[in-house]
Amino acid sequence: GFPGSKVKILGVTGTNGKTTTAFMIHKMLTTAGIKAGLMTTVAYGVGDNLKPQVSHMTTVKTSELLKRLKSMEQQGVEWLVLETTSNALAQNRVWGVKYSIAVFTNLTHEHLDYHGTFENYRNAKMKLFKMVNKNKHGLRLGIVNADDPSAKYFKKAIQDCVTYGVNSGDLRATNIKLASSGVSYSAHVDDDRYDIQCQIPGSFNVSNSLAVVAVGRALGLSKEQIEQGIYALNGVAGRMTRIDAGQ
């Protein structure tokens, strides 16, 4: 069968925030005792055994991707969190990868040198959602940033969709506090409330971590597993980390 067929795959796409969001989802799963793999621009590996990603391509070539998937399957990985770029989607480098869940962070006018127009760029990103929607064995779930103007396109591309945001969405952040040590807020959806503390500063990490709450809920994690999982990540190499030199 297809390599990695037993591994369930969660794809994260968007212009910004996808590496941090992928790390945070992976950390939450690992902290909850789920055997989880990670492949991002800066690192890949299983559980807490992460290696730096040397080639500076977010989504590695198909052959390398399949090799890593096979290795993860052999290690008994249940979920792989895969950072997925629009270039990889446009070039079909993730062809045949059976995505179960797609997460969309945001879309800004970057990478237009490659895609030509914003519509092409958006369509490339939407391919991930269409792939998830076609996977009969997956959860066929999309998790979408409702604050982003492109949200409606991504929602249309998939059967089931959960939206999150500060200003709109099913899952909402309120009582947001930003500090140099990170962000904290309350996340509300239906009658559920989560008290989120994220150790990575920057207001955009409110959005990133909200996406992670949505993933945790979709996978049936408890309130404690979600809160502890997000708190457990204290930095992503080469991203916005705090420099604590005794100031």
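Scroll up a little and you will see the structure.
Residues numbered from 1 in each chain as written. Predicted model: local features only at pLDDT ≥ 70, side-chain atom pairs only at ≥ 80, totals over all residues. Heavy atoms only, no water.

Visitor: Whenever I open this one, the nonpolar core confuses me. Can you help?
Guide: A general feature of soluble globular proteins is that nonpolar side chains tend to end up buried together. Leu10, Ile25 and Val103 are the most contacted members of the largest nonpolar core, which has 41 residues in total. Sorting elements by how many residues they give to this core places helix α7 (residues 204–218) first, with 7 residues. Those residues in contact with Val103 that sit more than four places away from it in its chain are Leu10, Gly11, Val12, Thr13, Thr21, Ile25, Phe129, Ile143, Ala211 and Val215. With 30 residues, the next largest nonpolar core counts Val46, Leu69, Leu82 and Ile158 among its residues. (Core = buried A, V, L, I, M, F, W, Y, C linked by side-chain atoms within 4.5 Å. Buried < 20%, exposed > 50% of the residue type's maximum accessible area, 1.4 Å probe, protein only. Helix = DSSP H or I, 4+ residues; strand = E, 2+ residues; numbered from the N terminus. Contact = heavy atoms within 4.5 Å.)

Visitor: Would you take a moment to explain the sheet that holds strand β6 (residues 99–104) for this structure?
Guide: Two orientations exist for strands paired in a sheet by backbone hydrogen bonds: parallel and antiparallel. In spatial order, the strands read β4-β3-β2-β5-β1-β6-β7-β8-β9-β10-β11; together these 11 strands make up an open sheet with mixed pairing. Only two strands of the sheet have a single neighbouring strand rather than two, namely β4 (49–52) and β11 (192–198). On average, each strand axis in the sheet is inclined to that of its neighbour by 20°, with strand direction left out of account. Of the pairings in the sheet, the one linking strand β1 (residues 8–13) to strand β5 (residues 79–83) comprises 5 bridges and is parallel in character. Within the sheet, the bridge partner assigned to Val12 lies in β5 and is Glu83. Running over the sheet, helix α2 (residues 62–74) touches β1, β2 (36–39), β3 (43–46) and β5 and is turned about 165° from β2. (Pairing = 2+ DSSP bridges. Axes fitted to C-alpha atoms, helices over the stretch in contact; angles between N-to-C directions.)

Visitor: Help me understand helix α5 (residues 118–134), please; the structure alone is not making it clear to me.
Guide: Because an α-helix completes one turn every 3.6 residues, residues spaced three or four positions apart along the sequence face the same direction. Compared with an ideal rise of 1.5 Å per residue, which puts 17 residues at 24 Å, α5 spans 24 Å between its outermost C-alpha atoms and is within 8% of the ideal. All buried positions along α5 are accounted for by Phe118, Tyr121, Arg122, Ala124, Lys125, Met126, Leu128, Phe129 and Val132. (Expected span 1.5 Å × (residues − 1).)

Visitor: How should I be thinking about the pattern of salt bridges in this particular structure?
Guide: Close approach of charged atoms lets side chains of opposite charge pair. Within the structure shown, the criterion is met by 10 salt bridges. Of the charged contacts, one joins Lys6 and Glu73 as a salt bridge, the two residues approaching to 3.7 Å between their closest N and O atoms. Here Glu73 lies in helix α2 and Lys6 lies in the segment before β1, a separation of 67 residues in the sequence. Take Glu73: its relative accessible area is 18%, and that puts it in the buried class. Measuring nitrogen to oxygen at the nearest pair gives 3.0 Å for the salt bridge that ties Glu64 to Arg68. Of the two residues, Glu64 and Arg68 both sit in helix α2, 4 residues apart, roughly one turn of that helix. (Salt bridge = Lys/Arg side-chain N within 4 Å of Asp/Glu carboxyl O.)

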